Amino acid sequence: MTAPLDHDEARRELTSMLDGSVGAIPLPWLVEHLMSSYADAGWPLLRDAGLALRRRATSVELEQLELAERPKARAVAGRYRTRRHGERPRPYHTHLHTLEPLHVACDCPDYLKGGLGLCKHGLTVLSYLGARPRVLARAHAQPSAPPPVHWHPIPPLLGALDRLAAIRFSDPAALPKPLRALVTRASASAPGRLRPASLRSPAARRGTLEQLVALVERHDPDPALAAIVREAEAEQDRNDRLLLPVATQRKILRRFGLALYPYQLAAVRTFLATGRMLLADDMGLGKTIQAAAIAHLLVESGRISRVLIIAPASLKSQWVREWRKATPVPIEDVEGGPAQRAEQYASTTTGALVANYEQVLRDLPQMQGYAPELIILDEAQRIKNWQTRTAQTIKRLDCPYRLVLTGTPLENRLDELASIMDWVDPTVMAPKWRLAATHQVTQDGSREVVGVQNLDTLRARLAPRMVRRRRADILHELPPRTNTTVPVELTNAQRIEHDELNLPVARLLAQARRRPLAHAEFLRLMSLLNTQRIIANGLAQLRFEAVWPSLTPGGAQPATLQALATPKLEHLRELVHSLVVEQGRKVVVFSQWRRMLSLAQWSIGDILEGHGHRAAFFTGRESRKRRTSNVVEFHDDPAVSVLLCTDAGGVGLNLQRAASCCINLELPWNPAVLEQRIARIHRMGQIAPVDTYTLVTEGSIEERIASVVATKRALFDGLFDGQSDELRFSESTSFLSTLGRLYDAETAPADPDELLDTGDDSDSAQDVHVEQLVTAADETADASPASQALLEAVDIRRLFSELEIIPRSDGGIRIDASPRAAQTLGALFSGMASLLERAAGNEARP
């Protein structure tokens, strides 16, 4: 429940927050505007609105925005345009309606989805007026009035969202008769609005939109109103192109090579009604087949010609194989050098191309030239972090129809889901700055997240653009799954190495509670946590370079295994002997680390060879051709009974017709990663009971991970699979706080000289960064997780822009950097050096 707001105190706080950051704009204008927009929502939301407005004011200064066009005849109210200093005017129109109350409308994307009723172009106009007292006096002397029809830019906090419903009519009686019949009466306190029935059905909405388009075309409207109506018209035109009679759909789908289950057919028809959709079905429900059916319908009906599929590199060949089984629509894998790929884009006029995420970064202009009409984004959690280059590049791909596939649209935070939805429909979860204050429940007196609220609103806004079904609800015939945790004891040698790291981890966490961690400290914390996880696997993995050359094939004898202080290998041998040799089953073995899988292959080699079996790899170390060949052999060759996978094989790979057992050599931080692994075999098409085994080292970091996993799972289940409007976590979800509790027993005071008390226990920014680094370990194979996460999270160009190159008299140069840039670049180069060192040694490693 929101605490009552002290309006006077709120005004003082907002004034202090904005003072010195909004140029010449009179502060009372902005403060009263924010109070009128968000005072009823309480201080947390009002505070975040002030911070969002301050960021836009900073952009005005950084971009050197100025006026390019002003109203004529000395008028102050009216149309403006802005530009960067010395550049052409921007394409957006900004209209100043009134100063009291403040009403400055704009047709730029930020105004339309920013939720502030102000954008940087409007702030530029206000700054111009605030700096010119005479012009300002003239503005107060001139009569001004709100527009007769305008679009209200502050979306409701709760309930479903329809941007056409935000149109306001101050004088409905003056409207043309057909439109007037669709609008409620206005009063002195409330303008008229569109009647709910006018937007309820597709036919009613289409008729209402026709009237609004005619209104916009007849008059010089509020620019935001015109933009909203034209966007709605464009969406209606896109959707109208997908209208296919049911009989036509059935006829075309008869040429589809696979039979669709009723729930799959329902998803196909939902897409035909929307044109842009997030398909978030549980893993194993056939998202690939549903996507192929949608593309088949659209291409075979002549609605579109060109499809682009973007998937992880490891899944491209699988997409091609399954696509060709299902539809005659041509498909090709984008491959080869730059010239060959460019030719593929240029020469393909009909059909589908399959590219991977890395190719999007290299081939964006060629993909844009290919002009796909439908883009299918597979494993879309790859764009969950909007700051990464991958996410930003994907979102530069524009196309009429968009289908996003992921079984894990949310893994840790709501802003991950918002980043994915931003490409499907940027209005669904906008504005992003409101997510925390609207949906997070915080600990009294702090910003520690202890729950989420208003989940009904999120579900209502996602519903038009998202389809999600659970395996438990759909696949009643799915065979049973038995999950077994295999406890593994720490050896004394492991315990000594593992526990030595508890104190430095605890010290870093203690520091994080008092001041933001530097990037180098982030990486240090990540390295310590990762090292503990490796030790939990075994000292043979920790000292792999020294141990591996001494291991001979077939030499996994009890004495040798015991000397390695890696007891998980002994448990693995027992499991493989029971499952493969005695039961005759095929097994998928997962580990985050290729080195651990190499040790696993060595440890079970004699068991497999002695009974005519062998193991194959599916990791980032093998070429794509080799991985494909290994998967085919795992399916078709009875001798290949074990597939050793890093998490490169935990996404999108279909193994249900080959294996019925899954062994996890360690517990990932993220429950979604564990489910992705298991879902490779426990999915549609599996006929045998499934057994999963997860090896967990007792008394190690692996036991501590379990509590982190539980909270993450609660957030996902509460939003997507629950029905309550609010969810309380058993403990705070702050990642640093959770880690702190896990290491409380070892916490020692940090050096007082190193601590800086900020007076604010909010650690949201560093918390997100640390969690990204830690969970990145579950999403990469073989590379340094810290380095890979940092390479994506850091804006390299911005960092280099902060460097100053100073020529010296002796012909050399001196590079000056801010402390922040120096720390970040130092950590980045250190990580890159580690990556290059590992890559250089790959040829000599298994």
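It should be noted that the structure appears before, not after, this text.
Our subject in this report is the structure included herewith. Since the model is a prediction, treat every value here as computed from it, not as a measurement.

1. Focus: the overall build of the chain
If you tally the helices and strands in the chain, you get 37 helices and 24 strands. Across the 846 residues in the chain, those meeting the buried criterion constitute 55%. When the accessible surface of the chain is summed, it comes to about 36,700 Å², and 52% of that surface belongs to carbon and sulfur atoms.

2. Quick look at the sheet that holds strand β20 (residues 661-664)
Taken in spatial order, the six strands line up as β16-β21-β20-β17-β19-β18 in an open sheet, and their pairing is parallel. Of all the strands in the sheet, just β16 (481-488) and β18 (614-618) have a single pairing partner and so form its edges. If you compare each strand with its neighbour and ignore which way they point, the axes differ by 20° on average. The sheet contact formed by β16 and strand β21 (residues 690-697) spans eight bridges and is parallel. Counterpart to T482 in the pairing with β21 is D691. Packing against the sheet, helix α30 (residues 624-636) makes contact with β17 (587-590), β18 and β19 (640-645), and its axis sits at approximately 140° to β19.

3. Considering unusual backbone geometry
That bond from E100 to P101 is cis: its omega, -5°, falls within 30 degrees of zero. Relative to the elements of secondary structure, P101 occurs in the loop between β3 (94-98) and β4 (103-106). Residue A430 is joined to P431 through a cis peptide bond whose omega torsion reads -5°. For P431, the location among the structural elements is in the loop between α18 (414-424) and α19 (435-439). Phi at E379 is positive, roughly 50°, even though this residue is not glycine. Judged by relative accessible area, E379 falls into the buried class, the value being 10%.

4. Section: the packing of helix α12 (residues 262-274) against helix α13 (residues 287-300)
Running from N to C, α12 and α13 point in directions that differ by 50°, and their axes come no closer than 9 Å. Considering the angle they form, α12 stands oblique to α13. The handedness of the crossing between α12 and α13 is right-handed. Residue-level inspection shows Y263, Q264, A267, V268, F271 and L272 of α12 in contact with α13, the latter providing Q290, A293, I294, L297 and L298. The residue makeup of the contact of α12 with α13, split by class, is nine nonpolar, two polar and no charged.

5. Remarks on the sheet that holds β4
Pairing within the open sheet is antiparallel, and its four strands lie in the order β1-β2-β3-β4. Pairing within the sheet leaves two strands with one partner each, and these edge strands are β1 (65-69) and β4. Recorded for the sheet is a direction-independent mean angle of 40° between the axes of neighbouring strands. Here three bridges tie strand β2 (residues 78-84) to β3, and the two strands are oriented antiparallel to one another. Opposite Y80, over in β3, you have T94 as the bridge partner. Contacts from helix α5 (residues 120-130) reach β1, β2, β3 and β4 within the one sheet, and its direction differs from that of β1 by about 85°.

6. A look at the nonpolar core
One finds L30, L99, L123, L126 and L129 to be the most contacted residues of the largest nonpolar core, which totals 41 residues. Where this core is concerned, the elements lending two or more residues are α1 (7-18), α2 (27-38), α3 (43-62), β1, α5 and α6 (133-141). In contact with L99, not counting residues within four places along its chain, are W29, L126, L129, L136, A139 and H140. Judged by nonpolar contacts, the second largest core, of 39 residues, contains L244, F271, I331 and I376.

7. Examining the environment of Q236
Considering the arrangement of structural elements, one finds Q236 in helix α10 (residues 223-241). For Q236, a relative accessible area of 14% corresponds to the buried category. Put simply, Q236 and R206 are 30 residues apart on the chain and 7.5 Å apart in space, counted from C-alpha to C-alpha. Residues within four places of Q236 in sequence aside, it is in contact with R206 and L209.

8. Notes on the state of the cysteines
Counted by the stated rule, this structure contains zero disulfides. Residue C106 stays outside any disulfide, its sulfur separated by 3.8 Å from that of C108, the closest cysteine. Relative accessible area serves as the criterion here: at 0%, C106 is assigned to the buried category. Take C645: it sits in no disulfide, and the sulfur closest to it among the cysteines is that of C662, at 8.7 Å. Taking the relative accessible area as the measure of exposure, C645 reaches 0% and is therefore buried.

9. Points about the pairing of β18
Judged by how many residues are buried, β18 sits mostly within the fold: four of five residues are covered. Relative to β19, β18 is paired through five bridges, and the arrangement is parallel. From the neighbouring strand, F617 faces β19, where its bridge partner is L644. After leaving β18, the chain enters α30 and then returns to the sheet as β19, a path that is right-handed.

10. Topic: α10
End to end, α10 covers 27 Å across 19 residues, agreeing with the expected 27 Å (1.5 Å per residue, within 8%). Where α10 is concerned, the buried positions are P223, A224, L225, A226, A227, I228, V229, A232, Q236, R238 and N239. Sitting at the amino-terminal end of α10 is D222, which places a side-chain oxygen 3.2 Å from the backbone nitrogen of A224.

11. Focus: helix α28 (residues 567-582)
Given a rise of 1.5 Å per residue, 16 residues ought to cover 22 Å, and the 22 Å separating the end C-alpha atoms of α28 matches this to within 8%. Of all the residues in α28, the buried ones are P567, K568, L569, L572, R573, L575, V576, L579 and V580. Backbone geometry just after α28 places G584 at a positive phi near 70°.

12. With respect to the pattern of salt bridges
This structure, assessed with the given rule, holds 41 salt bridges. In this structure, D422 and K113 form a salt bridge, with 3.7 Å as the shortest nitrogen-oxygen distance. With D422 in helix α18 and K113 in helix α4 (residues 109-113), this pair connects stretches of sequence that are 309 residues apart. The network of salt bridges with shared partners includes E63, R84, R90 and K120.

13. Some remarks on the side chain of Q249
Counting through the fold element by element, Q249 comes out in helix α11 (residues 246-253). According to the relative accessible area criterion, Q249 is buried, its value standing at 6%. There is a polar contact of 2.9 Å between the side chain of Q249 and the backbone oxygen of L244.

The rules behind the values
Starting afresh in each chain, residues are numbered from 1 along the sequence in its written order. Restriction of local features to residues with pLDDT of at least 70 applies here, the model being predicted, together with a cutoff of 80 or more for giving and counting side-chain atom pairs; totals for whole chains, interfaces and linings are based on all residues. Computation of side-chain values covers all heavy atoms of the structure but excludes hydrogens and water. Under the DSSP-based scheme used, a helix requires at least four consecutive residues in state H or I and a strand at least two consecutive residues in state E, with every element numbered from the N terminus. Buried means the residue's accessible area, taken with a 1.4 Å probe over protein chains only, is under 20% of the maximum for its type, while exposed means over 50%, and partly exposed covers the values in between. Here, Shrake-Rupley sampling with a 1.4 Å probe gives the accessible areas, and only protein chains in the shown set may cover a residue. In this description, strands pair whenever DSSP reports at least two bridges between them. Here, axes are lines fitted to C-alpha atoms. For helices the fit covers the stretch in contact, and angles between N-to-C directions go from 0 to 180 degrees. In what follows, a contact means two residues having at least one pair of non-hydrogen atoms within 4.5 Å. The scheme is simple: roughly parallel for angles under 35 degrees, roughly antiparallel for over 145, roughly perpendicular for 65 to 115, oblique for anything else. Handedness of a crossing follows from how the near helix is turned relative to the far one, being left-handed for an anticlockwise turn of less than a right angle and right-handed for a clockwise one. Residue polarity follows a fixed list, in which Ala, Val, Leu, Ile, Met, Phe, Trp, Tyr, Cys and Pro are nonpolar, Asp, Glu, Lys and Arg are charged, and the others, Gly among them, are polar. Buried Ala, Val, Leu, Ile, Met, Phe, Trp, Tyr and Cys residues form a nonpolar core when they are joined through side-chain atoms within 4.5 Å. The definition used for a disulfide is geometric: two cysteine sulfur atoms within 2.5 Å. Look down the strands so they point away from you; if going from the first strand over the helix to the second traces a clockwise path, that crossover is right-handed. A helix is expected to reach a length of 1.5 Å times the quantity of its residues less one. Whenever two N or O atoms come within 3.5 Å, that pair is a polar contact, provided that in protein one can donate a hydrogen and the other can accept it, and provided that, for residues adjacent in sequence, both atoms are side-chain atoms. Criterion for a salt bridge: a side-chain nitrogen of Lys or Arg within 4 Å of a carboxyl oxygen of Asp or Glu.

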